[in-house]
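Per-entry structural report
What follows is the residue order along each chain.
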Amino acid sequence: MTSATVLLCLLLTGLFGIIIFTAYTNKLARHSAQARHAIIKNLGIPTTSNPQFIGFFHPYCNAGGGGERVLWTAIAATQRAHPNCVSLVYTGDVDVTKEQIIAQVEARFDISLDPKSLHFVFLKKRRLVEDATWPRFTLLGQSLGSMILAWEALAQVIPDLYIDSMGYAFTFHVVAWITKGSIPMGAYVHYPTISTDMLARVKARKVGHTNRGDVAGSLVLSRGKMWYYRFLMYHYSLALSRPSFIMANSSWTKNHVDAILSHSDPIMNAMHFFNPLFALLLFATMFKRSRKLHTGSASKKREAKIVYPPCDTREMSQFPLDKRERIILSIAQFRPEKDHPAQLRAFAQLLADHPSYTSGSSSVKLFLLGGARNADDHARVQSLRDLAEELKITPHIQFIVNASYPEMLGWLAMASIGLSTMVDEHFGINVVEFMAAGVIPVTHASGGPLHDIVVPLNGEATGFHALDSHGFANAMHTVLSMDKSEEQAMRMRARTWAVSAFAEECFVEGWEAAWKGWVQ
C-alpha cells in the first residue's frame, strides 16, 4: 500500500511538472512571437517578409578581441548573403547602446554593419559568467551561470537558429528545453571549456593557469579535482553533442573538440544511472534535435569543421617591411590565460642577458596593447605594472589599454617583433596580424601558433617558438641581431603565408559551408 502511494505521488508530481513546464514554455513562445513582431516593426522590415532570426549568444560582444572579430565578420557576411535574416546578438553590454556598439565595431575592426537587420538583446545577469563571481569551482559556476543567462536571453526572444559564438556550451541544454528541441543550434568553438590537457595537468600535479600550486601540491586536493574535472568533462561532452554543426578555429581546437565528442567515461555513466544524478542525465539528453536531414547517416562520426578566424590583412599587408623600430609588440586582451606576466619576465630576461638593449641606439621597448573588458581586467593591468616595477623594467615598457583599430595598425607598422606567450593558444589572430604586418612573431610552442600559423613556408621559417623566459629572450635576440636581408626575407615569408591562408574571404566561405542547410 505504501509503495503504491509513493508511486502514485511520483506520477502525479511528474504529471504536474509536465503541465507546468508545458504552460511556461508555451507562454515564452507567445511572448517571443510578440517580441519578434516588435523587432521587425522597429527595424522597418515588412511584416510579410517573415525573416529568419539568427541568435548569436555573445555576452561580451563589445570587448574588441579576436572572438568579437569572428562574431562581427560572421554577422556582416550574413547581412550580405542572407538579406532575409535578422541577427540577434545576446549581450551583457548594458552600458552601451546599439549605435555605440556599431560605431565601436567599425572603429576597432573596420567592419560596417547594417543596423536595419541587427538587433541587440541586452542581458542583466552577465556577472554570473564572470570569474570574480565564482572564486571557487569557477568552471562549474560559469557553466551554471551561462545557463541562467541563456534563460534570460530566450525569455526575451527565441531565435530560429541559435549559435553560441563564445564558448558557453551548457547554454544548449537551456535552448533545447525552452524550445523543446524545435530549433537548430550551432557552435563556433574558440577554446574548449575543459580539455584532456587540463585533466592531464591535474593528474600529473603540474602547476598552471588552471591548476593552482596549493592544489598541485596536495595529493588529496588533486584527486578531488580530478573527479570534479571528470564530472565536468562528462557533461561538457553531453552539451557539445546537442548542436547541429560545430566550427573550430584551429586544428588544435578541432582535435580537442573531436576528442570531447567521442569521450566516454564508464564510471561516470554508472554514477549517473544508479543514483539521483539520473535526473541530471535526463536533463542533459532530452529534446535532442535530429540531424539526419542535413548530416546524412545517423551513425556518421561527429566532427568539428575547421574555420580559421577572419583576419583583415588588407591594410596591414601594405606596410613597408623595412625601417622598423626596435619595438616588441604584444596584442592581447588582458585576460589571465594570455599570460602577460610571462611576457614581462621574458623581456626582463632579454634585458638582463643584453644590457646594451636598455639604452642608446640599441635600446628596445616592449609595448603591451590590449582590451580591458571590466574591473577585473583593469586590476590585472595594475598588477602587471606592479610586476614591471618589481622586475625593474618600467622605463622600457608601455601599456596601451583599449586602443582603437587605427592605433593598433600604427603600432603594427612600426614594430619589429610580435610577442605571444599564451600556452595552448587556440588560434591566435594577433599572431596572424603580426605576420601580415611584417612583424616577426615569437610565440609559445603550443596550440594554433605552433601547428597552424607560425609554420614553415617552402621549408623556411616564418617566425620563432619558445617554451620559457630564456627561450623567448633568445628568440627575440635572434630577431634583433639579424642582418637586414635575412630579416626582410623572414618578414616577407611571414606576410605571404598569413595573407594567403587566413584571409577574411576564407573565413566567410568556411562559415557558409558549415551552416549550409540551416539558414535561409
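Rules used throughout
- Residues numbered from 1 in each chain as written.
- Predicted model: local features only at pLDDT ≥ 70, side-chain atom pairs only at ≥ 80, totals over all residues.
- Heavy atoms only, no water.
- Helix = DSSP H or I, 4+ residues; strand = E, 2+ residues; numbered from the N terminus.
- Rg over C-alpha atoms; globule rule 2.2 N^0.38 Å.
- Buried < 20%, exposed > 50% of the residue type's maximum accessible area, 1.4 Å probe, protein only.
- Contact = heavy atoms within 4.5 Å.
- Areas by Shrake-Rupley, 256 points an atom, 1.4 Å probe, with all protein chains shown as cover.
- Lys, Arg positive; Asp, Glu negative; His and termini not counted.
- Charge placed at Lys NZ, Arg CZ, Asp CG, Glu CD.
- Pairing = 2+ DSSP bridges.
- Axes fitted to C-alpha atoms, helices over the stretch in contact; angles between N-to-C directions.
- Right-handed = clockwise from strand over helix to strand, strands pointing away.
- Disulfide = S-S within 2.5 Å.
- Phe/Tyr/Trp six-rings, centres within 6.5 Å; stacked < 30°, edge-to-face > 60°.
- Lys NZ or Arg CZ within 6 Å of the ring centre and 35° of its normal.
- Polar contact = N/O pair within 3.5 Å; in protein donor to acceptor, adjacent residues only side chain to side chain.
- Expected span 1.5 Å × (residues − 1).

Okay, the overall build of the chain next. A count of helical and extended segments in the chain gives 20 helices and 13 strands. Its C-alpha radius of gyration of 25 Å places the chain within 12% of the 24 Å reference for a compact globule of 520 residues. Each principal axis of the C-alpha atoms in the chain carries an extent, and together these give about 90 × 60 × 45 Å. Looking at the chain as a whole, 54% of its 520 residues qualify as buried. For the chain, the share of sequence-separated contacts (at least 6 apart) that also reach a separation of at least 24 residues comes to 77%. Taken as a whole, the chain presents about 22,800 Å² of accessible surface, with 60% of it coming from carbon and sulfur. Across the chain, the centroid of the 50 positively charged side chains sits 9 Å from that of the 43 negatively charged ones.

Our next topic: the sheet that holds strand β3 (residues 118-122). Pairing is parallel in the open sheet, where seven strands are placed in the order β3-β2-β1-β4-β5-β6-β7. Bordering the open sheet on either side are β3 and β7 (305-306), each of which pairs with just one other strand. Inspection of the sheet shows strand β6 (residues 245-248) paired to β7 by two bridges, in the parallel sense. Residue pairing for β7: M247 is matched across the bridge by K305. Contacts from helix α9 (residues 251-261) reach β5 (185-189), β6 and β7, with the element oriented near 145° to β6.

Our next topic: the pairing of β5. In terms of burial, β5 is largely enclosed, as five of its five residues are buried. Burial along β5 is two-sided: the face carrying M185, A187 and V189 and the face carrying G186 and Y188 are both buried. With three bridges connecting them, strand β4 (residues 161-164) and β5 associate as parallel partners. Bridge assignment links I163 to a residue of β5, and that residue is G186. Between the parallel elements β4 and β5, the chain passes through helix α5 (residues 171-178) in a crossover that is right-handed.

On to the sheet that holds strand β11 (residues 417-420), then. Sheet strands associate in pairs through backbone hydrogen bonding, adopting either a parallel or an antiparallel arrangement. Taken together, six strands build an open sheet; the order of strands is β10-β9-β8-β11-β12-β13 and the sheet is parallel. Every other strand in the sheet has two partners, leaving β10 (397-401) and β13 (464-466) as the edge strands with one partner each. On average, each strand axis in the sheet is tilted by 20° relative to the strand beside it, whichever way the strands run. In this structure, strand β8 (residues 327-331) lies alongside β11, joined through two bridges in parallel fashion. Directly across from L329, in β11, lies its bridge partner G418. On top of the sheet, helix α15 (residues 405-414) reaches β8, β9 (365-370) and β10; it is set at about 145° to β8, its chief contact.

This part takes up the state of the cysteines. In the structure shown here, the tally under the stated rule is zero disulfides. With no disulfide of its own, C61 lies 19 Å from the sulfur of C85, the closest cysteine sulfur. For C506, which is in no disulfide, the shortest distance to another cysteine sulfur is to C311 and amounts to 9.8 Å. With a relative accessible area of 38%, C506 lands in the partly exposed category.

Time to look at the pairing of strand β12 (residues 440-444). Burial runs high along β12: five of the five residues are buried. In terms of strand pairing, β11 meets β12 through four bridges, oriented parallel. Looking at β12, one finds that S420 is bridged to T443. In terms of handedness, the path from β11 via helix α16 (residues 429-436) over to β12 forms a crossover that is right-handed. Of the strand pairs in this sheet, β12 and β13 are connected by three bridges, and their pairing is parallel. Its bridge partner lying in β13, T443 is registered against H465. On the question of chirality, the crossover connecting β12 to the parallel β13 by way of helix α17 (residues 447-453) is right-handed.

All chains considered together, the criterion is met by 20 aromatic pairs. Measuring from centroid to centroid gives 6.2 Å for F57 and Y162, while their planes differ by 40°, and the two rings are tilted. One end of the pair, F57, is in strand β1 (residues 52-57); the other, Y162, is in strand β4, and 105 residues separate them in sequence. You'll find F57 and Y162 in the same group, each marked buried. Ring centres of Y308 and F502 lie 5.1 Å apart, and the angle between their planes is 80°; on these two criteria the pair is classed as edge-to-face. Pair noted here: Y308 is in the loop between β7 and β8 and F502 is in the loop between α19 (484-501) and α20 (504-514), with a separation of 194 residues, a long-range link. Classification of Y308 by relative accessible area gives partly exposed; the value is 27%. Among the aromatic side chains, those forming a connected cluster through ring pairs are F57, Y162, Y168 and F172. When the ring centre of W227 is taken as origin, the NZ or CZ atom of R230, which lies over that ring, is 4.7 Å away.

Topologically, I453 is positioned in helix α17. Relative accessible area serves as the criterion here: at 0%, I453 is assigned to the buried category. For I453 and P441, which are twelve residues apart along the polypeptide, the C-alpha to C-alpha distance reads 9.8 Å. Here I453 is in contact with F427, G428, V431, V432, M435, G448, T462, W497 and F502, once residues within four sequence places are set aside.

With respect to the helices and strands, T179 occurs in the loop between α5 and β5. We classify T179 as buried; its relative accessible area is 7%. At 2.7 Å, the side chain of T179 and the backbone oxygen of V175 are in polar contact. Residues in contact with T179, not counting those within four places in the same chain, are L154 and I158.

Another aspect to go through is helix α4 (residues 138-156). Taking 1.5 Å of rise per residue, 19 residues should cover 27 Å, and α4 covers 27 Å from first to last C-alpha, within 8% of that figure. Buried within α4 we find L139, G141, Q142, S143, G145, S146, M147, L149, A150, E152, A153 and L154.

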